[in-house]
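# Inside the fold
Listed below, chain by chain, are the residues.
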Amino acid sequence: MADFRLVNPEGWEYDLQSVYSAYIGYFQLHNVPWYDRTWGQFFETFEQFLGFSWPVITVTDSWTGRAHIVTRLTTVGAFIKMIKTRFGETLPTPDNMLKVTHFETSQRHLRNVADWATYKKLYTTLPAVALAAFKTRIRAGEPKAIRELWAKHDKTFLAIDFEWSERNPATFLEWGYAAVRCGHLEAVGAWPPSPESNYRKGHYIIGDYVDKIVNKHCPTYPWQYAWGDSQVIPKSKLPQITQSVISSLVSPDTETTANSLVLIGHGVSSDIQRLEETKIKIPHNVLIIDTASFERALFNAGERGTMHDPKTGKLRAQGSTLSLGGLLHSLGIDPPCTLHNAGNDAFMCLLALQKMMEPGTATPVPDPDARRKSKLAGLAMGPPMPVAFMGHLTVEDGGRSMSGYFKSPGGLGSPRERGVADGVMDEMGLVHRVSKYGNASPPGTGGSWKDDKDRDREKEKEGWVRSAKGLRSVTK
């Protein structure tokens, strides 16, 4: 099997084992006593049949997605000619051989199979062949393949989006994600997913560049994240955070089985390039969906009907691609949040995919008080547990114990409430401190932890103490 060359897949369309099976069926149907014929040795077993030395390639069926070892009709003719030459009898060409319409268009490796060991070795490569073709079909936006993927209810779909500087694509300004773990939802009977409660989501702002680098051609809106708290982080931490999110959802890399994680993006090629630039490790068996390609394929297939440009009123041309905003508009979704914010774009990209899969999905509405509620949730964690690291605060308020992480109050003019002991509960149910790199207020408006402690000492001298409700006087 080491001796092979490349050939075009055209004309290679008959499954090799089906050729042997078709002959056995023909003999049965027409009462041909092949076992008494001199050439019968070739039909005793499939292994004997392989002794002719069949040239083959591996391809996948464009409809079923199954991989096959196929040969040409001319090779079947050569086999018939060999029987005629050596044994003086003419065999017909069976009419019920399995014909495969190949998906692949690139050249394939040609191999000659003359024994069972060679065939078996080649057969073990079929799952990898099928996976490679399936990845290509998903990436190209093939509707049938993507629908089958969604219908299994066993994958985790992770939408990602980067925002970067127009002048230097290597300068990241934001990163956002939204994920839905379909396998977990299916296990508990929560299907279809509810975007409000079933999407895990996050938004990260690069503090080194925020409000310093502003795109002019396509402005970004880092402070307009609508689905929770943004986190301001230093640029050096972005690869670490991104890798941790992906690692929490991914399954091991194999050559024969698709990963449990499916990456999603609108115009996803640029986002994949950003991941590669930051050395983010993504298993090779991860499937990638481009919602732009998927919608375009649906439109080209006539499944989206006649569409007009909302600005010009002109009919949409075949092969054209919609922006994320255009896609949402075409689905009847009035974006409830500001686009060109990485977190919002990722959330809406995942919602658009679900809307195309589950048309009855309702459009979620951001809760303007969601951030305040998430903070209050951190105060209702129950009895405080001992914590060994700095920053944990336990206070007594009316005889009720309250526990959380102490947040630095804002400076003069800050919209944040001063002196509140709170914590933010993430999607895993953990409460974490919101530090100067972990809040959504613009830089320069918050104090430091050390400043808070100094101010507390001064207030205590004046007869004030800090509680979960702010500053209270203890002067009798």
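Below you will find a few notes about this structure.

Thresholds, definitions, all that
Residues numbered from 1 in each chain as written. Predicted model: local features only at pLDDT ≥ 70, side-chain atom pairs only at ≥ 80, totals over all residues. Heavy atoms only, no water. Pairing = 2+ DSSP bridges. Helix = DSSP H or I, 4+ residues; strand = E, 2+ residues; numbered from the N terminus. Axes fitted to C-alpha atoms, helices over the stretch in contact; angles between N-to-C directions. Contact = heavy atoms within 4.5 Å. Parallel < 35°, antiparallel > 145°, perpendicular 65-115°, else oblique. Nonpolar A, V, L, I, M, F, W, Y, C, P; charged D, E, K, R; others polar. Expected span 1.5 Å × (residues − 1). Buried < 20%, exposed > 50% of the residue type's maximum accessible area, 1.4 Å probe, protein only.

Overall, antiparallel pairing links the five strands, which are arranged S1-S5-S3-S4-S2 in an open sheet. At either end of the open sheet lies a strand with only one pairing partner, and these are strand S1 (5-7) and strand S2 (12-15). The sheet shows a mean angle of 55° between the axes of neighbouring strands, direction not considered. Sitting on the sheet, helix H4 (residues 116-123) touches strand S3 (54-60), strand S4 (67-72) and strand S5 (108-113), and the angle it makes with S5 is about 155°.

The next subject is the packing of helix H6 (residues 143-151) against helix H11 (residues 291-300). Running from amino to carboxyl end, H6 crosses H11 at an angle of 120°, the nearest separation of the two axes being 10 Å. With respect to H11, the element H6 is oriented oblique. Facing H6, whose interface residues are Pro143, Ile146 and Arg147, H11 presents Phe294, Ala297 and Leu298. Counted by class, the contact of H6 with H11 contains five nonpolar, no polar and one charged residues.

Given a rise of 1.5 Å per residue, 14 residues ought to cover 20 Å, and the 20 Å separating the end C-alpha atoms of helix H1 (residues 16-29) matches this to within 8%. Every buried residue of H1 is listed here: Leu16, Ser18, Val19, Tyr20, Ala22, Tyr23 and Phe27. For H1, the elements touching its buried residues are S2, helix H2 (46-50), S3, S4, helix H3 (73-87) and H4. Phi for Asn31, located one or two positions after H1, is positive at around 55°.

Keep in mind that these numbers describe shape and distance, not what the molecule does.
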